[in-house]
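# Results of the structural survey
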Amino acid sequence: MSRPEKRSKVNLFRPKKGHMRDEVLIILAILFGWVVCTFGFQFLVYACRGTGAGSLLTRLTLFNLPLHFWFTGQFLPLWFIFLCIIFNVYVDRITEYHSRKRDRSYE
Amino acid sequence: MNDSSWSIFVVLLVLLSFILVGLRQKARESQEYGFGGRFTGRIGGGAAIASNWMSAASLMGLAGIIYLHGYQGLAYVIGWTGGYVLLLVLLASQIRRFGKFTTPEFVGERYGSKPARLIAAVIAIAISVIYCVAQFKGIGLIFSFMFGVGYEQGVVYGALAVVSYLVISGALGVPRNQQLQYLVICVAFIVPLMWLARRLGYFWVLPQFGYGRALTDLWREFRIDFTLPFADDSLFQWCALCFTLMVGTGGLPHVLSRFYTVPNVRDARWSVVWGLFFIALVYWSAPAFAVFGRLIEARRGMIPSPEAARAAADVVTLNTAVAAGLPGWLVGVLAAGALSAAFFTVAGLLMTGAASISHDIYYSFLNPRASERARMQVAKGGTLVLAAVVLIIALDPPGLIAEITAVAFALAGNTIFPLFLLGIWWDRANRYGAIAGMLTGVLCTVAEPVFGGTFPAAASFFPLTSSALCGTPLVILVMIAVSLATPPPPEAMRSFLEQEVHGHMD
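Below is a summary of the structure that appears in this document. (Residues numbered from 1 in each chain as written. Chains lettered and ligands numbered in written order. Predicted model: local features only at pLDDT ≥ 70, side-chain atom pairs only at ≥ 80, totals over all residues. Heavy atoms only, no water.)

### Focus on helix α2 (residues 41-53) of chain B
The end-to-end C-alpha distance of α2 of chain B, which contains 13 residues, comes to 18 Å, matching closely the 18 Å that a straight helix rising 1.5 Å per residue would cover. Among all positions in α2 of chain B, only Gly 41, Gly 44, Gly 45, Gly 46, Ala 47, Ala 48, Ile 49, Ala 50, Ser 51, Asn 52 and Trp 53 of chain B are buried. (Helix = DSSP H or I, 4+ residues; strand = E, 2+ residues; numbered from the N terminus. Expected span 1.5 Å × (residues − 1). Buried < 20%, exposed > 50% of the residue type's maximum accessible area, 1.4 Å probe, protein only.)

This is the structure we're talking about:
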């Protein structure tokens, strides 16, 4: 009788308990923020074309730039930096939390 | 001195100063530490990431594509910055812990397969060649501007200059001071922009915001709407391009290898944040060059035809600086910055590509008994062969700088990114899946030119510059299906992934 194959030990969608699960949670949260603002916003601009909401997005100005142009050209790179900072701060914290009595210089 | 003479003078001065500073650094480090290379902190690491990233595509191509397509061109800004989020959250720490320095090494080790390693090496070299073609186009255009010669002659002069610079730096053993390089490239891009904004009467302290009024003037005076969303292309095309550039960033060999130059994982992560900030500084500025360029043209009564605009797009930064009457030395500074970025990108990619030919193809596959000397000779010959191949393609460039670069990103996103993603996050991925995935990725990348005529759907779903939106998920599915249908990878590798790459806190 053949032995059943061992369950996968590393899987993004089935993380182990502990550090990996916390890490995967923050990864998914960051990716959600990344997708929604990048592609979700473009979808919104596209879907609202020719409507009142659409003209609001393209006529309202910020720093003399139409809102959609400012959001895409200037805000999104800033948003990415912000996401990276959030990720790093959170990962630093969970690393602190999960590290036991061990040589900390590794991290 | 005229603009061209100033440019030649400033360019020579900048390149010479890099060599002198490098030599001084080498002498000091060997005196102080006894070995080359030093850690310069997270900010220094970030500047190195940004310097490594900056190329003709960032300093010339980006402004050109926005000048040509307006809002549609912002997909490049977003793609080339948003990719770092993917890279940071999904790969940076893990590949740092995995401990393999190049893409073929990672593939060879993770998937335990020589053929997979060979295919990965060939793909990495192909990416380098395509990327270098875009850089050579930028170098050719600048040399053509500096010496007042035709484009073809400019490319040949540029190629000779790059190879000479590589030989001189190599012979003197000059280390790259990437922090200084970033500083020079950034200042050389932003100071002329500030000058330009001031000259045109806009808010010059932060021209990245000051160009908003220029955009309004462009519409008010000439009815040119630069901000119209999805004017030339569809939402699908915008998203496909943006996604391709993002996953391509996550799979570009010379970007991935940056994480090994910092001493630990935490510093590697924080260096990415600083790197992204430094890159964004330049990317916030590029649209301003495009808008000022359009405005100056319109005010001079020049509304170029689409063909003329496309021909001029890649030199819009230099042309705008000249047309606005910037002092010759400042035009020279702008040219020197762009040329330095292209130069060092080419130098890095040619050397990495040649090392891959020597190590991953010649030594690992063809002749495992090769001596150190023979491998070195293959590497040197490889550099020249790659430079010659790039030169031949660049003599008749197939597109704009940004477009050619995007093809390299598409290939990286379709092949290397899924390989790393599943290699790190799914221990069941095996060598058969890796090989099938890479081959599928290559097919997706070339689908438009190869199959587009017979199957128009291939061209619609896999556009040459934007094939990864459909390509990457398809490759991931193929990798999963083939891996599940074939035997699992060795237990030792699965345990290594579990314990060393992901289980370091258990």
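### A short note on unusual backbone geometry
Residues and elements named next belong to chain A. Its identity is not glycine, yet Phe 63 carries a phi of approximately 50°, on the positive side. Relative to the assigned elements, Phe 63 resides in the loop between β1 (61-62) and β2 (65-66). On the accessibility criterion, Phe 63 (44% relative accessible area) is partly exposed. The phi torsion at Asn 64 lies on the positive side, around 65°, for a residue other than glycine. Mapped onto the elements, Asn 64 comes out in the loop between β1 and β2.

### Overview of the pattern of salt bridges
Enumeration according to the criterion identifies twelve salt bridges over all chains in this entry. One salt bridge in this structure joins Arg 269 of chain B and Asp 92 of chain A, with 2.9 Å as the shortest N-O distance. Of the two residues, Arg 269 of chain B is situated in helix α12 (residues 265-299) and Asp 92 of chain A in helix α3 (residues 67-98); the pairing between them involves two chains. Taking the relative accessible area as the measure of exposure, Arg 269 of chain B reaches 2% and is therefore buried. In this structure, the salt-bridge partner of Arg 494 of chain B is Asp 427 of chain B, at a minimum N-O distance of 3.3 Å. Of this pair, Arg 494 of chain B sits in helix α22 (residues 491-501) while Asp 427 of chain B sits in the loop between α17 (401-425) and α18 (431-445); the two residues are 67 residues apart in sequence, bridging distant segments of the chain. The pair formed by Arg 494 of chain B and Asp 427 of chain B is uniform in burial state, with each residue classed as buried. Among the charged side chains, a network of salt bridges with common partners joins Asp 92 and Glu 96 of chain A together with Arg 266 and Arg 269 of chain B. (Salt bridge = Lys/Arg side-chain N within 4 Å of Asp/Glu carboxyl O.)

### With respect to the interface of chain B and chain A
Chain B puts 56 residues into the contact, and the matching count from chain A is 56 residues. For the pair chain B and chain A, the summed buried area comes to about 5400 Å², and 66% of that belongs to carbon and sulfur atoms. Taken together, the connections running from chain B to chain A amount to three salt bridges. The partner of Glu 96 of chain A in a salt bridge is Arg 266 of chain B, with the nearest N and O atoms 3.7 Å apart. The tally of links from chain B across to chain A stands at 14 residue pairs in polar contact (both at pLDDT 80 or more). Elements that contribute at least two residues to the side of chain B that touches chain A include exactly α4 (74-98), α9 (207-222), α10 (235-251), α12, α17 and α22 of chain B. Looking at side-chain class alone, the side of chain B that touches chain A contains 34 nonpolar, twelve polar and ten charged residues. (Contact = heavy atoms within 4.5 Å. Buried area = accessible area lost by both parts, 1.4 Å probe. Polar contact = N/O pair within 3.5 Å; in protein donor to acceptor, adjacent residues only side chain to side chain. Nonpolar A, V, L, I, M, F, W, Y, C, P; charged D, E, K, R; others polar.)

### Some remarks on the state of the cysteines
Summed over the entire model, instances satisfying the criterion amount to zero disulfides over all chains. With no disulfide of its own, Cys 186 of chain B has Cys 84 of chain A as its nearest cysteine by sulfur position, at a separation of 18 Å. For Cys 186 of chain B, a relative accessible area of 9% translates into the label buried. The structure places no disulfide on Cys 242 of chain B, whose sulfur is separated from the nearest cysteine sulfur, that of Cys 239 of chain B, by 7.1 Å. (Disulfide = S-S within 2.5 Å.)

### Remarks on the environment of Gly 353 of chain B
Residues and elements named next belong to chain B. Here Gly 353 is to be found in helix α15 (residues 328-366). Assessed through its relative accessible area of 3%, Gly 353 is described here as buried. Taking C-alpha positions, Gly 353 is 38 Å from Pro 207, a pair spaced 146 residues apart along the chain. Those residues in contact with Gly 353, other than ones at most four positions away along the chain, are Ile 125 and Leu 386.

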